[in-house]
Amino acid sequence: MTTPDITLCMIIKNEANHLEKCLSSVCGLVSEIIIADTGSEDNSKEIAQRFGAKIIDIPWENDFTKARNISLEYATSAWVLVLDADEAVDHWCENLLQPLLGAEYIHGYWLPIIHYVGDIPEADFVTDHVCRLFRNDKRIIFRGSIHEEIASSIWELPAGEIAYADLRILHYGYLEDELMRKNKYNRNLALINNGLRLQPNHLFLRYALGAEYYQQGQYKEAAEILLPLLTSTPAPSGYVSDIYLKTAYALQLCGRKQEAEEVFRTGS
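Residues numbered from 1 in each chain as written. Predicted model: local features only at pLDDT ≥ 70, side-chain atom pairs only at ≥ 80, totals over all residues. Heavy atoms only, no water.

As for the nonpolar core
Right, so step 1: Leu 8, Met 10, Leu 81, Trp 92, Tyr 109 and Leu 133 are the most contacted members of the largest nonpolar core, which has 34 residues in total.
Right, so step 2: Sorting elements by how many residues they give to this core places strand S1 (residues 6–12) first, with 4 residues.
Right, so step 3: If we ignore the near neighbours within four places in the chain, the residues touching Trp 92 are Leu 29, Leu 81, Leu 97, Leu 111, Leu 167, Arg 168 and Ile 169.
Right, so step 4: Residues Leu 230, Tyr 239, Ile 243 and Ala 260 belong to the second largest nonpolar core, which totals 26 residues. (Core = buried A, V, L, I, M, F, W, Y, C linked by side-chain atoms within 4.5 Å. Buried < 20%, exposed > 50% of the residue type's maximum accessible area, 1.4 Å probe, protein only. Helix = DSSP H or I, 4+ residues; strand = E, 2+ residues; numbered from the N terminus. Contact = heavy atoms within 4.5 Å.)

What about the environment of Gln 215?
Right, so step 1: Tracing the backbone through its elements, the reader meets Gln 215 in helix H8 (residues 203–215).
Right, so step 2: Spatially, the C-alpha atoms of Gln 215 and Lys 246 are 9.4 Å apart, while their sequence positions differ by 31 residues.

Some points on the side chain of Asn 69
Right, so step 1: Residue placement: Asn 69 occurs in helix H3 (residues 64–73).
Right, so step 2: A distance of 2.8 Å separates a polar atom in the side chain of Asn 69 from the backbone nitrogen of Phe 142. (Polar contact = N/O pair within 3.5 Å; in protein donor to acceptor, adjacent residues only side chain to side chain.)

A few points about the environment of Leu 209
Right, so step 1: Among the structural elements, Leu 209 can be located in helix H8.
Right, so step 2: Owing to a relative accessible area of 10%, Leu 209 belongs among the buried residues under this scheme.
Right, so step 3: Residues Leu 209 and Leu 191, spaced 18 residues apart in sequence, show a C-alpha to C-alpha distance of 9.7 Å.
Right, so step 4: Not counting residues within four places of it along the chain, the set of residues in contact with Leu 209 comprises Leu 189, Ile 192, Asn 193, Leu 196 and Ile 225.

A short note on the pairing of S1
In the case of a regular strand, side chains alternate between the two sheet surfaces.
Right, so step 1: Counted residue by residue, S1 has 7 buried out of 7 residues, so it is predominantly covered.
Right, so step 2: Along S1, one buried face is formed by Ile 6, Leu 8, Met 10 and Ile 12 and the opposite face, lined by Thr 7, Cys 9 and Ile 11, is buried too.
Right, so step 3: Bridge count between S1 and strand S4 (residues 79–82): 4 bridges; the pairing is parallel. Opposite Leu 8, over in S4, you have Leu 81 as the bridge partner.
Right, so step 4: Considered for its hand, the β-α-β crossover made up of S1, helix H1 (residues 19–25) and strand S2 (residues 32–37) is right-handed. (Pairing = 2+ DSSP bridges. Right-handed = clockwise from strand over helix to strand, strands pointing away.)

Considering unusual backbone geometry
Right, so step 1: One non-glycine residue, Asn 14, lies in positive phi territory at about 55°.
Right, so step 2: Tracing the backbone shows Asn 14 in the loop between S1 and H1.
Right, so step 3: Backbone geometry places Asn 62, a non-glycine residue, at a positive phi of 55°.
Right, so step 4: Looking at where Asn 62 falls in the secondary structure, it is placed in the loop between strand S3 (54–57) and H3.

Now the structure itself:
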């Protein structure tokens, strides 16, 4: 069996709690692992080295996009997979991957990502789609300081196309204890608000802000931000379905049931 020609690219800092689970999930599925470490003080690097990862030490400059793009520069495979340490692929197999990598006119794939939320063992989940598997092409880069995305750079390519692949990614970073441990709420809100001060009408940043309020249980604020996006976000953006889902639930949870039902009907 031939290992798929994929480089796994990651950025990490103090991810010893999750890293082994993440890297174990891709064993036999990637031919190279590149990890950009932004200053780990635990044994994250030792765990990565056990899996044969190449570790690049980089400074943290409050910019996820810059860090991710640095990791891409070191990839040597034909395709790139991007994961965070608190994620894992869900039983992918080489037989499913190889035909996708051989698709001549596809530059990347939307993958379903399952975000677990709440507390274990009763955690609920929401589903989104992310472009995390894509060709290793210097023109394909991440954009945005938080909730960074790569799809827009693919669409700018001549005949750049993103298809859908039923390869699930599991994300554990929104579980309540993990959010508290990393103080993700405050960090994310600060980055998003800084971006919106520079680009107040940026659709993706407005979506990211609404999503953060939703994750914090601030459903009134989330609904007010997300509701206007339903009519202004282009369908190929990759996150329209998540806007509908979060908007409908936010409206329902803050008592606006009739509006929630209308959003459900429109988005279904």
